[in-house]
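Summary of structural features
Below, each chain spelled out in residue letters.
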Amino acid sequence: MAPMADLVEQLEVPQCHCLNEAKGHSLRHAIHLDHREDLSQCLVSDADEELLISLKFMSAVKISALQFECADADAAPAKVRLFVNKIGLDFDSAKSEAATQEIELAPAKVRPGASPVELRFVLFQNVSTLTIFIPSNQADGEETKLGKLVVLGEPITHEGLKRSEEQQKVATKGDWLN
């Protein structure tokens, strides 16, 4: 199992958005460190129960788990469909296209203090954009709420061996000069 660190610092917050969010109850309430610990300030759906959240990362990450929390048990998400690196999804395509992973959320998985929901780690290895479609809530009501959304995983670091000074001179000189 990969180390699980909060990837909030890896989010490109101005590029993250949510379709069907109510005014005054935006995605920032669920993902921003200053707001997400206060579950009374939450992301709320507007016209119906569906939410389509798009999270953009500054660089590629590996995602191992997601944590969903909501103080209102009836309005908490009941199911999520996750899409990796799909740009421009709308509600129709989020319903019809094959998801990277679908998760049924029991009420115990979305209550305050709930443990993270493990993902199929092999499917979330090189993620630059994560789209989360929430089609329904626990009570099948008209309003879905999400107080806290935490993405857990690790950033992808590109490491390589550094050439020695001698190897750099040989490469710079070139074989044809010998």
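Scroll up to find the structure.
Let me begin by describing the structure that accompanies this report. (Residues numbered from 1 in each chain as written. Predicted model: local features only at pLDDT ≥ 70, side-chain atom pairs only at ≥ 80, totals over all residues. Heavy atoms only, no water.)

**Quick notes on the side chain of Glu69**
- Secondary-structure assignment places Glu69 in strand 4 (residues 51-69).
- On the accessibility criterion, Glu69 (6% relative accessible area) is buried.
- Among the polar contacts listed, one links the side chain of Glu69 to the side chain of Gln67, at a separation of 2.8 Å. (Helix = DSSP H or I, 4+ residues; strand = E, 2+ residues; numbered from the N terminus. Buried < 20%, exposed > 50% of the residue type's maximum accessible area, 1.4 Å probe, protein only. Polar contact = N/O pair within 3.5 Å; in protein donor to acceptor, adjacent residues only side chain to side chain.)

**Comments concerning empty space enclosed by the protein**
- Within this structure, the stated rule accounts for 1 cavity of 30 Å³ or more.
- Its boundaries defined by the atoms lining it, the largest cavity holds a volume of some 40 Å³.
- For the largest cavity, the full set of lining residues is Asp6, Leu7, Val8, Leu11, Ile31, Arg36, Leu149, Val150 and Val151.
- When residues in the lining of the largest cavity are grouped by element, the largest group, 3 residues, is from strand 10 (residues 148-155).
- Residue composition of the lining of the largest cavity, grouped by class: 7 nonpolar, no polar and 2 charged. (1 Å grid on protein atoms, 1.4 Å probe; cavity = no way out; pocket = protein on both sides within 12 Å on 5 of 7 lines; lining within 4 Å. Points joined across faces, edges and corners; volume = space filled by probe spheres on them. Nonpolar A, V, L, I, M, F, W, Y, C, P; charged D, E, K, R; others polar.)

**Examining the pattern of salt bridges**
- With the rule as written, the count across this model stands at 7 salt bridges.
- Among the salt bridges present, the one from Glu69 reaches Lys148, with a minimum N-O distance of 3.9 Å. With Glu69 in strand 4 and Lys148 in strand 10, this residue pair connects regions lying 79 residues apart in the sequence.
- As a salt-bridge pair, Glu97 and Lys86 come within 3.1 Å of each other at their nearest N and O atoms. (Salt bridge = Lys/Arg side-chain N within 4 Å of Asp/Glu carboxyl O.)

**What to know about the environment of Gln125**
- On the secondary structure map, Gln125 appears in the loop between strand 7 (117-118) and strand 8 (127-137).
- Between the C-alpha atom of Gln125 and that of Ala106, which follows or precedes it by 19 residues, the distance is 26 Å.
- Once residues within four sequence positions are removed from consideration, Gln125 is found in contact with Val61, Lys62 and Ile156.
- Of note is the side chain of Gln125, whose polar atom sits 2.7 Å from the backbone oxygen of Phe121. (Contact = heavy atoms within 4.5 Å.)

**Some words on the pairing of strand 6 (residues 101-104)**
- Only one face of strand 6 is buried: it carries Gln101 and Ile103, and the other face, with Glu102 and Glu104, is open.
- Relative to strand 6, strand 5 (residues 77-84) runs antiparallel, the two being bridged by 4 bridges. The partner of Val80 across the bridge, within strand 6, is Ile103. (Pairing = 2+ DSSP bridges.)

**Remarks on the nonpolar core**
- Within the largest apolar cluster, 36 residues are counted, with the highest numbers of intra-cluster contacts made by Ile53, Leu55, Ile63 and Leu130.
- Elements with a minimum of two residues in this core: helix 1 (28-31), strand 4, strand 5, strand 8 and strand 10.
- Of the residues forming this core, the biggest block, 8 residues, is contributed by strand 4.
- Those residues within four positions of Leu55 in sequence are excluded, and the remaining contacts are Leu11, Cys16, Leu27, Ile31, Ser128, Thr129, Leu130, Ile132, Leu149 and Val151.
- Core analysis: the second largest hydrophobic core is formed by 5 residues, Phe83, Leu89, Ala94 and Phe133 among them. (Core = buried A, V, L, I, M, F, W, Y, C linked by side-chain atoms within 4.5 Å.)

**Re the environment of Gln15**
- Assignment of secondary structure puts Gln15 in the loop between strand 1 (5-6) and strand 2 (17-19).
- For Gln15, a relative accessible area of 44% puts it in the partly exposed group.
- Taking the C-alpha atoms as reference points, Gln15 and Leu55, separated by 40 residues in sequence, lie 7.3 Å from one another.
- Not counting residues up to four positions away in its chain, the partners in contact with Gln15 are Ser54 and Lys56.

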